[in-house]
Amino acid sequence: MTLRQNVAILISGRGSNMQSLVRACSAPDYPAKVVLVLSNKADATGLDYAREAGIATAVISHKDYPDRASFDAAMDAEIRRHGAELICLAGFMRLLDSRIIEAWRDRMINIHPSLLPSFRGLDTHERALEAGVKLAGCSVHFVRPDVDTGPIIAQAAVPVLPDDTPDSLAARVLEQEHMIYPVALRLVAEGRVRVEGDRAFVDASCTMRSLRNPDSL
Ligand code: GRF
């Protein structure tokens, strides 16, 4: 029987990465189970998908709390109430306080639509195009207090085409996000990622196999 780590996914919007994680978790041998989809926005469209999939959902609005620390504490309590052991940030658009980040150190991961450490923060695709890079991509990393930093678990690259717009590039990168986030979560949930300082080391025997065929592990 597959041992499954309980996962909470935090979203703020459409939640397409959350959906890719939920789909991955529906495989019988996948080592994670989504126990909660939490949004800071009641109108996040991703919540509808989660509800239809029969997953517990919660809305905790940052507007109901006087400061970041109390908002984070409320989320932390809700996440623990559902028995989560890992947190996936998937388009969650609030900065987190260092206290919750440290409490979930190496158990909280994020996906960012750039090849980190380039283009941290917002408007990544616009800035990548302005910089004239020839490769763009996405990264899954452990979360650290500075935004979009932390040991990198997985990345995927896509070529930048001469006629790309921020939207066309974003769409091509998003396809790759949907591939690598489930792979990265699988590796973390199976304890195959070791963090040393600022770097994450993945059990080499599974890396190529999982990226070639995410369903093969
Ligand atoms: C994705 O591009 C993700 O990398 C970034 O925000 C976007 C969220 O998209 N952090 P979705 O809500 O997962 O569709």
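All values reported here derive from a predicted model rather than from experimental measurement.

**Student:** Lay out the domain arrangement of the protein chain with the relevant residues and their values.
**Tutor:** As far as domains go, the protein chain holds domain 1 (1–104) and domain 2 (110–217). Where domain 1 abuts domain 2, roughly 1700 Å² becomes buried across the two surfaces, and 67% of that area is made up of carbon and sulfur atoms. Along the contact surface separating domain 1 from domain 2 lie 1 salt bridge. For the salt bridge of Arg186 with Asp29, the shortest nitrogen-to-oxygen distance reads 3.8 Å. In this structure, the connection of domain 1 to domain 2 is made through 5 residue pairs in polar contact (both at pLDDT 80 or more). Among the secondary structure elements, those contributing two or more residues to the side of domain 1 that touches domain 2 are β1 (5–11), α1 (16–25), β4 (86–89) and α4 (98–103). Among the elements that line the side of domain 1 that touches domain 2, the one with the most residues is α1, at 5 residues. Of the residues that constitute the side of domain 1 that touches domain 2, the class distribution is 13 nonpolar, 5 polar and 3 charged.

**Student:** Go over the environment of Ala24 with me, naming the residues and quoting the values.
**Tutor:** Considering the arrangement of structural elements, one finds Ala24 in helix α1. Among the residues examined, Ala24 registers a relative accessible area of 16% and is labelled buried. For Ala24 and Val160, which are 136 residues apart along the polypeptide, the C-alpha to C-alpha distance reads 28 Å. Look past the residues within four positions of Ala24 in its chain and what remains in contact with it is Tyr30 and Pro182.

**Student:** Give me helix α6 (residues 166–189): which residues, what numbers.
**Tutor:** Taking 1.5 Å per residue, 24 residues should reach 34 Å; α6 reaches 33 Å between its end C-alpha atoms and fits that length. In the segment just after α6, Gly191 is the residue with positive phi, at about 70 degrees.

What counts, and where the lines are drawn
- Residues numbered from 1 in each chain as written.
- Predicted model: local features only at pLDDT ≥ 70, side-chain atom pairs only at ≥ 80, totals over all residues.
- Heavy atoms only, no water.
- Domains from an automatic or database assignment.
- Buried area = accessible area lost by both parts, 1.4 Å probe.
- Salt bridge = Lys/Arg side-chain N within 4 Å of Asp/Glu carboxyl O.
- Polar contact = N/O pair within 3.5 Å; in protein donor to acceptor, adjacent residues only side chain to side chain.
- Helix = DSSP H or I, 4+ residues; strand = E, 2+ residues; numbered from the N terminus.
- Nonpolar A, V, L, I, M, F, W, Y, C, P; charged D, E, K, R; others polar.
- Buried < 20%, exposed > 50% of the residue type's maximum accessible area, 1.4 Å probe, protein only.
- Contact = heavy atoms within 4.5 Å.
- Expected span 1.5 Å × (residues − 1).

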